[in-house]
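Each chain, written out:
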Amino acid sequence: MNIRISERVKKALDENKPVIALETTIISHGMPYPKNVECALKVEEAIESEGAIPATIGIIDGVAIIGMSHQEIEEFGKRKGIKKCSRRDLPIIFAKKDWGATTVAATMFLASIANIEFFVTGGIGGAHKKANETFDISADLEELAKTNVSVICAGPKAILDLGFTMEILETKGVPVLGFNSDVLPAFFTKTSKYKIDYNCKTPLEVAEIVKAKRENNLDGGVLIANPVPDEYSLNEEKINQVIDKAIAETEEKGIKGKDETPFLLSKIVELTNGKSLETNIALIINNAHLGAKIAKEYCLLNK
Ligand code: PSU
Ligand code: MN
């Protein structure tokens, strides 16, 4: 496989140090420049401040990079026309020696090849509203079903059908753990009406569950849902109105498939005058701290 693991990440993995995978779709298709680059670098810093090693993953000229340099991250943030790359796009990007910004699904796949257990992001993809008619269900859920990587996020974004998404995760055998939460956080907001069965209070508790999953050969991911910090949580009613407006616009404009999520994300930033972006950045950094803490505990358990 065309893969380049940075020396720093290689060394950390060899020495059983905590490594955290990070995606690039969030940079290229999830946020505007230059905030996207600022955010990506702050997330790396947050991970480092906890004593863990960040591994931002993306594809450059057909080579999967595990552990991008700051310069490469900057390039991902700036460059136009980088393809959004989910699992199904990987062979095409490799064959054409193209650039690809990896989604949760593709990043999980590449992280697993590099033996990285933990992956931090903002929100995962899931079943879109009306997925019962359109079948628009993110490949992220399939990947969580089969690939051995644990994903720390702030819940699926409320642009999705959260109930449908949770049902699919259950069907596919993906444990969903709330971090100090009894309900599924909905990305921009701390809460939703969907109950979570397992509330973990400490990073160690999460690490123990991940370890038990691996030791018992229960393939697939674990989803850790970490609510956005209080001071950044948006008003549920207002954000849902904004989301409905953005979704109505996708219908008017006929935006579908892989373009739908990036369109909705940028529309929501526009409609909230950038407020949603602040929240988005804050919650990823919050997830980065938690992910690093969990990974540290996991390394200690596996000593
Ligand atoms: N959710 C967010 N921000 C994002 C994404 C999801 O809050 O940037 C990105 C992730 O990379 C995710 C992808 O894997 O969108 C899902 O796209 P789709 O729905 O086309 O599978
Ligand atoms: Mn989709």
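A brief structural summary. (Residues numbered from 1 in each chain as written. Chains lettered and ligands numbered in written order. Predicted model: local features only at pLDDT ≥ 70, side-chain atom pairs only at ≥ 80, totals over all residues. Heavy atoms only, no water.)

## Considering the pattern of salt bridges
- Counted under the stated rule, the structure contains 20 salt bridges.
- With a shortest N-O distance of 2.7 Å, glutamate 143 and arginine 87 are connected by a salt bridge. One end of the pair, glutamate 143, is in helix 8 (residues 139-146); the other, arginine 87, is in the loop between strand 5 (83-85) and helix 5 (90-95), with 56 residues separating them in the sequence.
- When the shortest N-O distance is used, the salt bridge between lysine 267 and glutamate 249 registers 3.2 Å. In this pair, lysine 267 sits in helix 12 (residues 260-271) while glutamate 249 sits in helix 11 (residues 236-253), placing the two residues 18 residues apart along the sequence. Like glutamate 249, lysine 267 is buried.
- Counted as one network, the salt bridges with shared partners bring together Glu249, Lys253, Lys267 and Glu270. (Salt bridge = Lys/Arg side-chain N within 4 Å of Asp/Glu carboxyl O. Helix = DSSP H or I, 4+ residues; strand = E, 2+ residues; numbered from the N terminus. Buried < 20%, exposed > 50% of the residue type's maximum accessible area, 1.4 Å probe, protein only.)

## Things to note about the environment of serine 138
- Among the structural elements, serine 138 can be located in the loop between helix 7 (131-134) and helix 8.
- Note: C-alpha distance between serine 138 and isoleucine 60 (78 residues apart in sequence) is 24 Å.

## Examining unusual backbone geometry
- With an omega dihedral of 5°, the bond running from tyrosine 33 to proline 34 counts as a cis peptide bond.
- Counting through the fold element by element, proline 34 comes out in the loop between helix 2 (25-28) and helix 3 (35-49).
- For lysine 97, which is not a glycine, the phi torsion comes out positive at approximately 50°.
- Using a relative accessible area of 55% as the deciding quantity, one classes lysine 97 as exposed.

## Here's the deal with the packing of aromatic side chains
- Scanning all chains against the criterion turns up 3 aromatic pairs.
- Look at phenylalanine 76 and tryptophan 99: their rings are 5.4 Å apart centre to centre, the planes differ by 40°, and that puts the pair in the tilted class. Highlighted residues: phenylalanine 76 in helix 4 (residues 70-78) and tryptophan 99 in the loop between helix 5 and strand 6 (100-102), separated in sequence by 23 residues.
- Judged by its relative accessible area of 11%, tryptophan 99 falls in the buried class.
- The ring centre of tryptophan 99 lies 3.8 Å from the NZ or CZ of arginine 79, which sits over that ring. (Phe/Tyr/Trp six-rings, centres within 6.5 Å; stacked < 30°, edge-to-face > 60°. Lys NZ or Arg CZ within 6 Å of the ring centre and 35° of its normal.)

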